[in-house]
Amino acid sequence: MTYSDRERDPDTPMVTVAVAVRPGPQRTRAEISGEIDADNCGKVRDALNAALDASTAGLDIDLSALTFCDCSGLHLLLDLHLTATTTGKTLVLHAPRPQFTRLLDLTDTAPLLTIHTSPAHQPHPHDAHYPITGGDTTRPTHHRPHAIDPAIAYDHEP
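Residues numbered from 1 in each chain as written. Predicted model: local features only at pLDDT ≥ 70, side-chain atom pairs only at ≥ 80, totals over all residues. Heavy atoms only, no water.

## Some points on unusual backbone geometry
Okay, step 1: Look at Ala95: it is not a glycine, yet its phi comes out positive at around 50 degrees.
Okay, step 2: Examined against the element boundaries, Ala95 turns out to sit in the loop between β4 (90-94) and α3 (98-107).
Okay, step 3: With relative accessibility at 31%, the residue Ala95 sits in the partly exposed group. (Helix = DSSP H or I, 4+ residues; strand = E, 2+ residues; numbered from the N terminus. Buried < 20%, exposed > 50% of the residue type's maximum accessible area, 1.4 Å probe, protein only.)

Shown next as structure tokens:
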């Protein structure tokens, strides 16, 4: 049964995010769907930290079904990246939606994270640049510097 915010029972929490975890032989995969915000960030953090702890080499997070992420969710992913790095593991974000990449661009945090996009969805090389209109055309165009690490095996695990 679906309720609007006004009709639902105030004692029944609204589920706005889901985290599905699939352990693999070396890397663990997690799929986040829904919205990450300050209200549910703690539960998402617990699930992703447990998934990272259970992995041998690192954690792959599928963001293709993430519909919203605020600064608390971004902070969570940056903390998780730091934890992975300090424990000798890697964190890779897969298939982020445009809303999330915009958040990374606005906060200038994209260079801190490793992002893998599927070959079918990689933008044309010229799409990564924003043309400068007016003003000083001698400045370089902005480039979205998402790190893509081809050394990490993505398709070899179940």
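The discussion continues.
## A few points about the sheet that holds strand β5 (residues 114-116)
Where strands meet in a sheet, backbone hydrogen bonds hold them as pairs that are either parallel or antiparallel.
Okay, step 1: If you trace the 5 strands from one edge of the open sheet to the other, you get β1-β2-β3-β4-β5, paired in mixed fashion. Each having just a single partner strand, β1 (17-23) and β5 make up the two edges of the open sheet. Put simply, the sheet's adjacent strands are angled 25 degrees from each other on average, direction ignored.
Okay, step 2: Looking at chain direction, β4 and β5 are connected through 3 bridges and run parallel. What sits directly across from His94, in β5, is His116. (Pairing = 2+ DSSP bridges. Axes fitted to C-alpha atoms, helices over the stretch in contact; angles between N-to-C directions.)

## Quick notes on the packing of helix α1 (residues 41-54) against helix α2 (residues 71-86)
Okay, step 1: Contact geometry of α1 with α2 gives a least axis separation of 10 Å together with a crossing angle of 20 degrees. Put simply, α1 runs roughly parallel to α2. Two packed elements cross with a definite hand, and for α1 against α2 that hand is right-handed. Contact residues: Cys41, Val44, Arg45, Leu48, Asn49 and Leu52 in α1; Ser72, Gly73, His75, Leu76, Leu77, Asp79, Leu80, Thr83 and Ala84 in α2. (Parallel < 35°, antiparallel > 145°, perpendicular 65-115°, else oblique. Left-handed = near helix turned anticlockwise from the far one by under 90°. Contact = heavy atoms within 4.5 Å.)

## Points about the nonpolar core
Okay, step 1: With 27 residues, the main nonpolar core has Ile32, Leu48, Leu59, Ile61, Leu93 and Phe100 as its most contacted residues.
Okay, step 2: Counting residues per element, the ones that place at least two in this core are β2 (27-36), α1, β3 (58-69), α2, β4 and α3.
Okay, step 3: Setting aside anything within four residues of it in sequence, one finds Leu93 in contact with Ile61, Leu63, Leu77, Phe100, Leu113, Thr114, Ile115 and His116. (Core = buried A, V, L, I, M, F, W, Y, C linked by side-chain atoms within 4.5 Å.)

Shape is all these values report; function is a separate question.
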